[in-house]
Amino acid sequence: MLELIDICFERNHKKILDHIHLTLDEKKFYVITGPNGSGKSTLAKIIMGLEQPDSGQILFQGKDITHLSVSERAQLGISYAFQQPVTFKGITVFDLLKIAVGLEMTEEDALELLKKVGITSREYLHRELNRSLSGGERKRIEIASVLSRHPMVAIFDEPEAGIDLWSFQSLTEIFKELASTSSGMTIVISHQERIMKLADQMILLENGTIKKIGDRKEMLSEILEEMEDAYE
Amino acid sequence: MNDVDKKLLNQIMEEDVTKEEVYNIRKNGACIARKENPYIRITNKENGRGIDVTVKENTLFGTVHIPVLLTESGLVDVVENDFHIGANSNVIIVSGCGVHNQHGKDSIHDGIHRFYLGENAKVKYVEKHYGEGRGTGKKILNPITEIYMEKGSSMNIETVQIDGVDLAKRLTKAQLQEDTTLTITEKIKTSGKQQADTDFVVELLGEHASCHVTSRSVATENSYQEFRSNIIGETVSYAHVECDAILKDQGSVKAIPEIYAKHVDANLIHEAAIGKIAGEQLMKLMSLGLSEKEAEEKIIEGFLK
């Protein structure tokens, strides 16, 4: 169980997260949505430890992790897929997966992992993780690096951002699979109906506060209507 | 050869050199072992300061190892080696300098390597530098490489200098004729108070000559590095210079680009980026369970791979 207790986060005199209280259960698939600037990404980063809250507390399985580093949280089983996958010079796809798994790993094991995210060519393993890979490819590899850790909490920050519609369609398949097979908690930040449809629970953020939280069945149509209104 | 020699040799050469087909091992200014074959000859220069390596025309898959060992503190070794690569040959040349300085005097190795590539010759040249020993004497290297490339030839140079050398001044000069390609990759890591300078002067003289320089370096502690490149495009030609440096601690790096296009179709590009390890790279690897220090090591290891 992951508990956020009274989390506040302010930057440049703007309240990004304003007294957030949230309790998330193991084995559930959550989708966090809301307008741009509502605090979704910051919330995800605070769970991973990439940002420190100004006040409040985070409990993971009853343990206070508020002041633990990113590495320590990763070792406890929390994992995070970056919205903009990080590029490296000289580090290959295979290198990254080896680091992610943390054990000796064969090329076959790595290929198996990549297959799950729709990459089947062995040639990818030895490519550098740089901008010669397309946005969609980098996203898939980023997701593979998270899945390979079999995390207890897997956070995906806008998996749809920066990729074309074709790539996105096949990405939703990965999340569909994840929703049905994952033994841990999944948190996806998304604006996409296809992803929202997979959720057990939805969380709607607005201006740094939780506007609504509940079952997908109750919330989805309402949220989609609101999005349409906002669009008009 | 004693144990120190063997250890040094192993540090600079990955394989057992004495099992190779062609080699020349120089220790403290004199040749201590040599082997030739019918296609690749090694002869002493008349002034005694180096060797001539002559590769016959059409020699394929030739490999030449020419390690240099410096184990006497206070020795100034000056070596002049010339490589004459016959037309249509394809050879690999591995050179390297291992310095073991256990005493208080400076060990200095000044080497000039000149490469004369015949038409359509292909050369891969690998240069490694390694210094060890607890003496206060400095380990100083000043390698100069001169390259003359005839029509259709290509050369690939890899230089690696990972720690251990106190002061290195490296100068590479090249003249490229028609349809030639020169690729240079250098990797340098300095620490302590080490200083490493590299200087490239490449003249693209013939049509469709091209040059690619990639420099990746890491400057840690109080070390200092300087990278200069000067590419001159006299005609229809192409050059791409990429200088990337990572800084740690109080390390500093200066990159001085100079490109001079003398022809409307000379296409010359210089890119340079210097900075500390990107925070997001550290964060990504930490989010995969590495500590900050481990993440830093992985990033540097990959960068210099």
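See the structure shown above.
It should be emphasised that the depicted structure is a prediction, and the values quoted were computed from it without experimental measurement. (Residues numbered from 1 in each chain as written. Chains lettered and ligands numbered in written order. Predicted model: local features only at pLDDT ≥ 70, side-chain atom pairs only at ≥ 80, totals over all residues.)

Our focus in this paragraph is the overall build of chain A. Looking only at helices and strands, one finds eight helices and ten strands in chain A. Its C-alpha atoms give chain A a radius of gyration of 18 Å, within 12% of the compact-globule value 17 Å for 232 residues. The principal-axis extent of the C-alpha atoms belonging to chain A is close to 45 × 40 × 35 Å. Taking all 232 residues of chain A together, the buried fraction comes to 39%. If you take every contact in chain A between residues at least 6 apart in sequence, the share linking residues at least 24 apart comes to 67%. (Helix = DSSP H or I, 4+ residues; strand = E, 2+ residues; numbered from the N terminus. Rg over C-alpha atoms; globule rule 2.2 N^0.38 Å. Buried ≥ 20, exposed ≤ 12 C-beta atoms within 10 Å, placed from the backbone. Contact = placed C-beta atoms within 7 Å.)

What follows deals with the nonpolar core. Where a protein is soluble and globular, its nonpolar side chains tend to be buried together. Ranked by internal contacts, the top residues of the largest apolar core, which has 135 residues, are I47 and I155 of chain A together with V123, M155, L182 and V202 of chain B. For V123 of chain B, the contacting residues outside a window of four places in its chain are I85, V91, I93, F115, L117 and M155 of chain B. (Core = buried A, V, L, I, M, F, W, Y, C linked by C-beta atoms within 7 Å.)

Bringing the pairing of strand β10 (residues 209–215) of chain A into the picture now. Residue and element names in this part refer to chain A. Summarising the sheet, strand β9 (residues 201–206) and β10 pair through six bridges and their orientation is antiparallel. Along β10, the bridge assignment pairs Q201 with D215. Here β9 hands over to β10 after two residues, with N207 in that stretch at a positive phi of 50°. (Pairing = 2+ DSSP bridges.)

Facing 20 residues of chain A, the contacting portion of chain B comprises 18 residues. Elements represented by at least two residues in the side of chain A that touches chain B include exactly α2 (70–76), β6 (78–81) and α3 (93–101) of chain A. Of all the elements, α2 of chain A adds the most residues to the side of chain A that touches chain B, at four residues. Broken down by class, the residue content of the side of chain A that touches chain B amounts to eleven nonpolar, six polar and three charged. (Nonpolar A, V, L, I, M, F, W, Y, C, P; charged D, E, K, R; others polar.)

As a further point, take the sheet that holds β6 of chain A. Residues and elements named next belong to chain A. The six strands lie next to each other as β6-β7-β8-β3-β9-β10, forming an open sheet whose pairing is mixed. Every interior strand has two partners, whereas the edge strands, β6 and β10, have only one. Shown here is a sheet whose adjacent strand axes are inclined to one another by a mean of 15°, direction ignored. As paired elements, strand β7 (residues 153–157) and strand β8 (residues 185–189) share five bridges and run parallel to each other. Bridge pairing in β8 links D157 to I189. Here helix α1 (residues 40–48) sits on the sheet and contacts β3 (29–33), β6, β7, β8 and β9; the angle it forms with β7, its principal contact strand, is near 145°. (Axes fitted to C-alpha atoms, helices over the stretch in contact; angles between N-to-C directions.)

What follows covers the environment of L9 of chain B. Residue and element names in this part refer to chain B. Take L9: it is sitting in helix α1 (residues 3–12). Residue class for L9 comes out buried when judged on the 21 C-beta atoms lying within 10 Å of it. In this structure the C-alpha to C-alpha distance between L9 and G96, which are 87 residues apart in sequence, comes to 8.8 Å. Ignoring sequence-local partners within four residues, the contact set of L9 consists of V17, P67, L69 and G98.

This brings us to unusual backbone geometry. A positive phi angle, close to 45°, is found at H150 of chain A, a residue other than glycine. Of note, the phi angle at N120 of chain B is positive, near 60°, even though the residue is not glycine. Its place among the elements puts N120 of chain B in the loop between β8 (107–117) and β9 (122–132).

As a general point, the strands of a sheet are linked pairwise by backbone hydrogen bonds and lie either parallel or antiparallel. Residues and elements named next belong to chain B. If you trace the nine strands from one edge of the open sheet to the other, you get β3-β4-β6-β8-β10-β12-β14-β16-β18, paired in mixed fashion. The sheet is open, and its two edges are formed by β3 (40–44) and β18 (252–261), each paired on a single side. Each strand axis lies, on average, 10° off the axis of its neighbour in the sheet, ignoring direction. With ten bridges joining them, strand β16 (residues 224–233) and β18 adopt parallel strand pairing. By the bridge assignment, I231 is partnered in β18 with I259.

With that out of the way, let us pick up the pairing of strand β6 (residues 76–85) of chain B. Residue and element names in this part refer to chain B. By the alternation rule, side chains of β6 split into D77, V79, N81, F83 and I85, which are all buried, and V76, V78, E80, D82 and H84, of which none is buried. Strand direction decides the pairing type here: strand β4 (residues 51–55) and β6, joined by four bridges, are parallel. Within the sheet, the bridge partner assigned to T54 lies in β6 and is H84. As paired elements, β6 and β8 share ten bridges and run parallel to each other. Pairing of D82 across the sheet is with R114, part of β8.

Moving on, we get to the packing of α3 of chain A against helix α5 (residues 135–147) of chain A. All names here are of chain A. The N-to-C vectors of α3 and α5 enclose an angle of 25°; their axes lie 8 Å apart at closest approach. By the angle between their directions, the pair α3 and α5 is classed as roughly parallel. Seen from above, α3 lies across α5 with right-handed handedness. Counted together, V93, L96, L97 and A100 of α3 and I141, A144 and S145 of α5 form the full contact between these two elements. Residues that form the contact of α3 with α5 fall into these classes: six nonpolar, one polar and no charged. (Parallel < 35°, antiparallel > 145°, perpendicular 65-115°, else oblique. Left-handed = near helix turned anticlockwise from the far one by under 90°.)

Turning our eyes to something else, we now look at helix α6 (residues 165–181) of chain A. All names here are of chain A. Given a rise of 1.5 Å per residue, 17 residues ought to cover 24 Å, and the 25 Å separating the end C-alpha atoms of α6 matches this to within 8%. For α6, the set of buried residues is L171, F175 and L178. In an axial view of α6, the angular spread of the buried residues amounts to 50°, which keeps them on one side of the axis. Facing away from the buried surface of α6 by more than 90 degrees, the exposed residues are W166, Q169, E173, S180 and T181. For α6, the secondary structure elements touched by its buried residues are α5, β8 and α7 (193–196). (Expected span 1.5 Å × (residues − 1). Arc of directions from axis to C-beta.)

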